[in-house]
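Each chain, written out:
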Amino acid sequence: MLLNIGIIGGGSVGLLMAAYFGRKHEVHVYTKRSQQAGLLNESGVYCDVLGQVNLRAHLFGGALHKHDVLFVTVKQQQLSTVLDLLEELSCRIPVVFLQNGMGHLELLPKKIYPVYLGVVEHGAKRASDTKVLHTGRGRVKVAAYKAEQSAEWIADLLHEEDFPFQAEGDYFNMLVSKLMVNTVINPLTAIFRVQNKFIVKNTELRSLASKLCREASQVFQRSYEEEWEHVLRVAEQTGDNYSSMLTDLSLQRKTEIDYISGYVLKKSVSELPYHQFVVRSVHALEQLDGEGGRV
Ligand SMILES: NC(=O)C1=CN([C@@H]2O[C@H](COP(=O)(O)OP(=O)(O)OC[C@H]3O[C@@H](n4cnc5c(N)ncnc54)[C@H](OP(=O)(O)O)[C@@H]3O)[C@@H](O)[C@H]2O)C=CC1
Ligand SMILES: CC(C)(CO)C(=O)C(=O)O
């Protein structure tokens, strides 16, 4: 079945999804910059694994086209502008939010309906405004957040062997599982400027990582042993990746730390010294970048 799919954000995840969906469906990408929309309309998106794929692109801000489903792929810190506009448009298009972290749960306005949440287990890296690298193969999980229907229909319609979708019943569990991984791997790799594999290989980093994992497991009442095994597996599987938090810092951009580790702190009833330390360290690095203070 041919779908009409909207994607807000022409970054790493947005372009990756546009390329995979665009092989079979009509895809519209909404960008922040008109220049990027122009380039995408001229040449489509180039994905290292798939080659060139055609799509349509628009500057986000005005009306939306009629879509069967709309994916929001901006970062957490960019979400409030997008939410304001979506709320104003009050369209009845099913919206799927694909952010890492959980801070956005507290931002989602009541007027947007129906709402689904998702987690992306792929690695993607935008190489230019029209080029994306598929750096790690995984799956996209989706769950209903505020919707009459479960997320099965999304997974059924979009699942492809080389771009799998999986419907989950419980959005909270799905997001917490991803949060556990991100709250351990992202800040440490960002502070120490290392690839993910060093969380496993470097004995000191591994020990710090296990402390973060223990703290987060306590907050969400999860088995530390199971979460730790999961974190190590992801760190190994994505070993050559530079985490998204490290990438943000390298590009002198604000990170998603407040929506990931900050969310864990917010949900805790007790002190979490390791989380407090990494949140402040990442903020210090962001601030030093602004001050030109890093050597
Ligand atoms: N990259 C990855 O491998 C993974 C990412 N994720 C998560 O997915 C989310 C997106 O990440 P990622 O794609 O890497 O981020 P990027 O920074 O690559 O992409 C975000 C995109 O959103 C665009 N944008 C920002 N504000 C607006 C707006 N108002 N209207 C339209 N577009 C806008 C940005 O535009 P501009 O380029 O002009 O700034 C940018 O193209 C994050 O929460 C991340 O943690 C999860 C798993 C893996
Ligand atoms: C799983 C991981 C850690 C892969 O790099 C990620 O989600 C990220 O970098 O944000």
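The numbering scheme is per chain: residues are counted from 1 as the chain's sequence reads. Chains carry letters and ligands carry numbers; both start at the beginning, A for chains and 1 for ligands, and go up in the order they are written. With pLDDT at 70 or above as the cut-off, local features in this predicted model cover only qualifying residues; side-chain atom pairs require 80 or more to be listed or tallied, and sums for whole chains, interfaces and linings still use all residues. To get the side-chain values, all heavy atoms of the structure are used, and hydrogens and water are removed first.

Notes on the nonpolar core
Stage number 1. Nonpolar core, defined: a set of buried Ala, Val, Leu, Ile, Met, Phe, Trp, Tyr and Cys residues in which side-chain atoms within 4.5 Å join the residues together. Accessibility here uses a 1.4 Å probe with only protein chains present; expressed as a share of the type maximum, an area under 20% marks a residue as buried, one over 50% as exposed, and anything in between as partly exposed. In this structure, Ile8, Leu70, Val72, Leu86, Phe97 and Phe220 are the most contacted members of the largest nonpolar core, which totals 42 residues.
Stage number 2. Numbered from the N terminus, helices here are DSSP runs of H or I no shorter than four residues, and strands are runs of E no shorter than two. If you tally residues by element for this core, the top one is helix 5 (residues 171-192), at six residues.
Stage number 3. If you count residues domain by domain, this core takes at least three from each of domain 1 (4-169) and domain 2 (174-286).
Stage number 4. Residue contacts follow a heavy-atom distance rule, with two residues in contact if any of their heavy atoms lie within 4.5 Å. Once residues within four sequence positions are removed from consideration, Phe220 is found in contact with Phe172, Val176, Leu179, Met180, Tyr263, Val264 and Lys267.
Stage number 5. With 35 residues, the next largest nonpolar core counts Ala57, Val120, Leu158 and Phe165 among its residues. These domain boundaries are the output of an automatic or database domain assignment.

So, the site of ligand 1
Stage number 1. Around ligand 1, the structure places 27 residues, and the nearest of them are Val13, Arg33, Ala124, Arg126 and Glu256.
Stage number 2. N or O atoms closer than or at 3.5 Å make up a polar contact, with two conditions inside protein: a donor-capable atom paired with an acceptor-capable one, and, for residues adjacent in sequence, both atoms drawn from side chains. Arg126 is positioned with one of its side-chain polar atoms (N or O) 2.9 Å from an oxygen atom of ligand 1.
Stage number 3. Within the side chain of Glu256, an N or O atom sits 2.5 Å from an oxygen atom of ligand 1.
Stage number 4. Where the shell around ligand 1 is concerned, the elements lending two or more residues are helix 1 (12-22), strand 2 (26-31) and strand 9 (123-128).
Stage number 5. Counting residues per element, the shell around ligand 1 draws most heavily on strand 9, at three residues. Any residue with a non-hydrogen atom lying within 4 Å of a molecule or strand is treated as near it.

A few points about the UniProt feature "domain: Ketopantoate reductase N-terminal" (unreviewed entry) in the chain
Stage number 1. UniProt positions are given in the numbering used here, feature names are shortened, and annotations may be inferred rather than shown by experiment. If you check UniProt for "domain: Ketopantoate reductase N-terminal" (unreviewed entry), the listed places come out as residues 5-145 in our numbering.
Stage number 2. As annotated, residues 5-145 comprises 23% helix and 36% strand, and the C-alpha atoms at either end are separated by 19 Å.

Structural notes on the domain arrangement of the chain
Stage number 1. Taken domain by domain, the chain consists of domain 1 (4-169) and domain 2 (174-286).
Stage number 2. Computed from C-alpha atoms alone, the centre-to-centre distance between domain 1 and domain 2 is 25 Å.
Stage number 3. Listed per partner, the contact involves 21 residues of domain 1 and 19 residues of domain 2.
Stage number 4. Interface area, domain 1 with domain 2, both sides summed: about 1700 Å², of which 59% is carbon and sulfur.
Stage number 5. Buried area is understood as the total, over both parts, of accessible area removed when two parts are fitted together, assessed with a 1.4 Å probe. The three residues of domain 1 that bury the most area against domain 2 are Gln77, Asn100 and Met102, which together make up 36% of that side's buried surface.
Stage number 6. Throughout this description, the term salt bridge denotes a Lys or Arg side-chain nitrogen within 4 Å of a carboxyl oxygen of Asp or Glu. On the surface where domain 1 and domain 2 come into contact, there are three salt bridges.
Stage number 7. We note a salt bridge from Asp248 to Lys75, for which the minimum N-O separation is 2.9 Å.
Stage number 8. Our enumeration of links across domain 1 and domain 2 arrives at eight residue pairs in polar contact (both at pLDDT 80 or more).
Stage number 9. Gly is put with the polar residues, along with every residue not named as nonpolar or charged; the nonpolar set is Ala, Val, Leu, Ile, Met, Phe, Trp, Tyr, Cys and Pro, and the charged set is Asp, Glu, Lys and Arg. Partitioned by chemical class, the residues of the side of domain 1 that touches domain 2 number seven nonpolar, nine polar and five charged.

Concerning the site of ligand 2
Stage number 1. The environment of ligand 2 is formed by Asn100, Lys178, Asn182, Ile185, Asn186, Asn196, Val234, Asn241, Ser243 and Ser244.
Stage number 2. One nitrogen or oxygen atom from the side chain of Asn186 is found 3.1 Å from an oxygen atom belonging to ligand 2.
Stage number 3. In this structure, Asn241 approaches ligand 2 through a side-chain N or O atom, which is 3.4 Å from an oxygen atom.
Stage number 4. Protein contact buries 87% of the 280 Å² of open area that ligand 2 shows by itself.
Stage number 5. At four residues, helix 5 tops the list of elements feeding residues into the shell around ligand 2.
Stage number 6. Of the residues assigned to the shell around ligand 2, the class counts are two nonpolar, seven polar and one charged. Accessible areas in this description were obtained via Shrake-Rupley with a 1.4 Å probe; residue shielding takes into account the shown protein chains only.

A short note on the sheet that holds strand 8 (residues 115-120)
Stage number 1. Read across the open sheet, the eight strands follow the order 5-2-1-6-7-8-11-12; overall the sheet is mixed. In the strand order of this sheet, the two ends are held by strand 5 (56-59) and strand 12 (165-168), each with one partner. Ignoring strand direction, the axes of neighbouring strands in this sheet form an average angle of 25 degrees.
Stage number 2. For strand 6 (residues 69-72) and strand 7 (residues 95-97), the ladder comprises three bridges, and the chain directions are parallel. Note on strand 7: the bridge partner recorded for Leu70 is Val95.
Stage number 3. The strands touched by helix 1 within the sheet are strand 1 (4-8), strand 2, strand 6, strand 8, strand 11 (140-146) and strand 12, with strand 1 carrying the most contacts at an inclination of about 165 degrees. Whether two strands pair comes down to DSSP finding at least two bridges between them. Axis angles are defined between N-to-C directions and span 0 to 180 degrees, where every axis is a line fitted to C-alpha atoms and, for a helix, only to the segment in contact.

Let's talk about the packing of aromatic side chains
Stage number 1. The criterion for an aromatic pair is that two Phe, Tyr or Trp rings (for Trp, the six-membered ring) have centres within 6.5 Å, with stacked assigned to planes under 30 degrees apart, edge-to-face to planes over 60 apart and tilted to the rest. Counted under the stated rule, the structure contains 13 aromatic pairs.
Stage number 2. Ring geometry for Phe21 and Phe71: centres 5.5 Å apart, planes at 35 degrees, overall tilted. Linking Phe21 in helix 1 with Phe71 in strand 6, this pair joins segments that are 50 residues apart in sequence.
Stage number 3. The exposure class of Phe71 is buried, given its relative accessible area of 0%.
Stage number 4. Note on Tyr30 and Phe60: the rings are 6.0 Å apart at their centroids and 75 degrees apart in plane angle, and the pair reads as edge-to-face. Of this pair, Tyr30 sits in strand 2 while Phe60 is found in the loop between strand 5 and strand 6, placing the two residues 30 residues apart along the sequence.

Overview of the pattern of salt bridges
Stage number 1. Evaluated as defined, the whole model comprises 14 salt bridges.
Stage number 2. We note a salt bridge from Lys24 to Glu160, for which the minimum N-O separation is 2.9 Å. You can see Lys24 sitting in the loop between helix 1 and strand 2 and its partner Glu160 sitting in the loop between helix 4 (152-158) and strand 12, a full 136 residues away along the chain.
Stage number 3. Taking relative accessible area as the criterion, Glu160 reaches 22% and is therefore assigned partly exposed.
Stage number 4. Note that Arg253 is salt-bridged to Asp248, the shortest N-O span being 2.8 Å.

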